[in-house]
Amino acid sequence: MTEGAQPDRLSLLLVEDSPADVYLVREAMRREGLRVHWDIADDGEWAIRMIDEVDSNASTPCPDVMLLDLNVPRCTGDEVLERIRRSPRLAHTPVVIMTSSESLDDRDRLMKLGATEYFRKPSNLREFMKLGRLVREVHERSVPLK
Amino acid sequence: MQVSEKNQVERIAELEQRLAEAEETLEAIRQGDVDAVVINGPTGEQVYALEGPDHPYRILVEEMHQGTVTLDPDGLVLYCNRQFAAMVQTPVESVIGSQIHQYLTQDDAAAFSALIAAAAGGHSQGELNLLAGNDQLVPVLLSLNKLEVSGIQNLCAVITDLTEARRNEAIVKEEQLSRLILEQTAEPVIVIDARGKILRAGEAARRLAGSNVLFQDFGVAFPIFDQDGPVTVSRLVSDVRSQNALRSVEVNMSTREGRAYALLLSASPLWSPGRELLGCVLTLTDITGRKRAEEALARQAEQLAQSNSDLRQFAYSASHDLQEPLRHLAIYTELLQQRYAGKLDPEADQFIERTIDAAHRMERLLRDLLAYTHAADAPQGDAASVDANSVLAKVLATFEQHIAKENAVITSGPLPVLCVHEVHLSQLFQNLISNSFKYHGNAPLKLHIWADGADDGTWRLSVEDNGIGIDGRYHQQVFGLFKRLHGSSRYTGNGIGLAICQKIVQRYGGKIWVESTSGEGSIFRFTLPGKESAHAKA
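Here goes a summary of the coordinates provided. Here the structure is a predicted model, which is why all the values come from computation and not from measurement.

The rules behind these values
- Residues numbered from 1 in each chain as written.
- Chains lettered and ligands numbered in written order.
- Predicted model: local features only at pLDDT ≥ 70, side-chain atom pairs only at ≥ 80, totals over all residues.
- Contact = placed C-beta atoms within 7 Å.
- Nonpolar A, V, L, I, M, F, W, Y, C, P; charged D, E, K, R; others polar.
- Pairing = 2+ DSSP bridges.
- Helix = DSSP H or I, 4+ residues; strand = E, 2+ residues; numbered from the N terminus.
- Axes fitted to C-alpha atoms, helices over the stretch in contact; angles between N-to-C directions.
- Core = buried A, V, L, I, M, F, W, Y, C linked by C-beta atoms within 7 Å.
- Buried ≥ 20, exposed ≤ 12 C-beta atoms within 10 Å, placed from the backbone.
- Right-handed = clockwise from strand over helix to strand, strands pointing away.

This brings us to the interface of chain A and chain B. Listed as interface residues are eight residues of chain A and, on the opposing side, eleven residues of chain B. Partitioning the side of chain A that touches chain B into residue classes produces four nonpolar, three polar and one charged.

Residue and element names in this part refer to chain B. Read from one edge to the other, the open sheet built from five strands follows the order β4-β3-β7-β6-β5, with strand pairing classed as antiparallel. Unpaired on one side and paired on the other, β4 (77-80) and β5 (123-131) mark the two borders of the sheet. Looking at each pair of strands side by side, their axes are set apart by 30° on average, direction ignored. Alignment of strand β3 (residues 67-71) against strand β7 (residues 152-161), held across five bridges, turns out to be antiparallel. Considered in β7, the bridge of T68 is made with V158. Along the sheet face, helix α5 (residues 106-119) touches β5, β6 (137-149) and β7 and points at about 160° away from the line of β5.

A few words now on the nonpolar core. Counting residues in each nonpolar core, the largest one holds 42 residues, and the members touching the most others are V15(A), L67(A), L68(A), V95(A), V96(A) and I97(A). For V95(A), the residues in contact, after removing those within four places along its chain, are M66(A), L68(A), L81(A), I84(A), A115(A) and T116(A). One finds L432(B), L445(B), I470(B) and F479(B) within the second-largest nonpolar core, a separate group that totals 40 residues.

Turning our attention to unusual backbone geometry. Here the phi dihedral of R74(A) falls at roughly 75°; this positive angle occurs in a residue that is not glycine. The residue R74(A) is located in the loop between β3 (65-69) and α3 (77-86) in this model. A residue is classified by how many C-beta atoms lie within 10 Å of it, and R74(A), with 14 of them, is partly exposed. Here the phi dihedral of N244(B) falls at roughly 70°; this positive angle occurs in a residue that is not glycine. One can find N244(B) in the loop between α9 (233-243) and β12 (246-254). The class for N244(B) is exposed, based on 11 C-beta atoms found within 10 Å.

Residues and elements named next belong to chain A. Counting buried positions over the five residues of strand β4 (residues 95-99) gives four, a clear majority of the element. In terms of strand pairing, β3 meets β4 through four bridges, oriented parallel. Along β4, the bridge assignment pairs M66 with V95. Handedness of the crossover joining β3 and β4 through α3: right-handed. Following the backbone out of β4, through helix α4 (residues 104-113) and into the adjacent parallel strand β5 (residues 117-120), one traces a crossover that is right-handed.

The structure is reproduced here in structure tokens:
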């Protein structure tokens, strides 16, 4: 799913197969007051195709921040993250990993693969809504690099 | 005339004297007291031997293999032959005239007297030991007969040396014993010669082969093989020669009837005094049943491991995968609450509140179940030595605020170095101390932790508090999964802490238990393997 690029908006690539979480991520951004241009992939292969498109077509706009759920169909979150970090245009784009895993090993592995932040999906609303603040922060930190 | 008469008288006296001598000689010859007569002939003295009708018997007595002795009623030896003298290792001339009792042991003196008494009736016979001159005992058969000579009652004894007979009896007994052992032994024992011919085989061996295998070739009677192929006699003998013995080599055997055996082969060489291999003693222990049992056990262990793995996977998946919808349930109910609280009727608000509570509680339960599932998982690497003093210190640091807030006093004795993963020991201390804080009652918490060593290298650690205690009825129950003794309104928690403690302790083969009386505090004790017997330097 993609929406037309709008320069005044934050461009987010969300890789997430759960509609319930897609809604919550959108709600978190809304509550943070972020105006977002959304590109949403609900499986890993689709996400990789979108990255391929960015790499192969210079006119395709790059997302400002990527939100990547670890447990998506068809390929693993690790593979998608590795593909992102190999991309000439996206190698430095912030990637926030979203997962319900509590495994410290998962966290260490993904940080080594180049994740920018690691967001463990909480089970209460207030905590989940903090994702909005996190996305704003990683975006702001990444802007000077562009 | 007077001279002539005198000469005649002297002549008559001389003749009477010579006649008396001649009669005495004849009487002596008649009595058998003269063996030879010396005659002065023209060519000098000539010796003529006299042979009476009993001469052959005298020769017989001297030459017979038995010893013979003539005794007077008091046991004085009147005569003995050479055999008897040889038996008692004493010269004939020393035996004759000695007392027979000096050739008897004290133990046999009474038996001998009884034989003499019995011989009064004519004849007696018995076995006893003669004491030879070199202090050796000679087993003999003694036959006594009454002997009357010239009106004097004497005794004649014929003594048969039983030494050889006894030795033969011992050999026969030994042989019988060997056969008996071979027959009775539960293990199949086979004796072969150096060419593999079966010389002996016990009942168990015959049963194993299914036939009488005596004098058969071992390789034919017992077609055994190992991973290198058939165990031939030449190979067997060669191995026994080079290794001096084979001990418990696993082999297999298939009989012509189609029975299959797993056997343990042991072989010992039979060397001649000149170090020539005479043959081997072989044992074929039937371990077919044991092997089958081992295989069954291994299969069961594998199935159990698979089942445990499946169970862990199930528990992990169930708790992990259930978290997702539960998380959505909780968050979306909160969303519902945020948007519609106060807009529905009061009961609806309460329902929403309870749904959120239930969702969060279930989420905690699932998280605990997940923690329990992984509680005893081994971190990477083997359990290393860990100083329990430093682990406790680290854990206590996390309770710093609690300790200050509750005015708790926590003390510990010297703790050992344990052979466990640090994360597990840490979890044990964490859960037990946390429990003590939770159930400490009104008085400030006093907690003491110490250790005692056991002879088997394990350590018993004790955590004693002055809390509310546990009634004896619940001492087992408290370690159960999600078992709680108090309502959640009074004491929070899901009842997972002690279950996790138990799982960790059991992982190391230890035990955990509680000693407590309601209202009088508790001592939680657990055992863990030690790395060394001495206390670690704190």
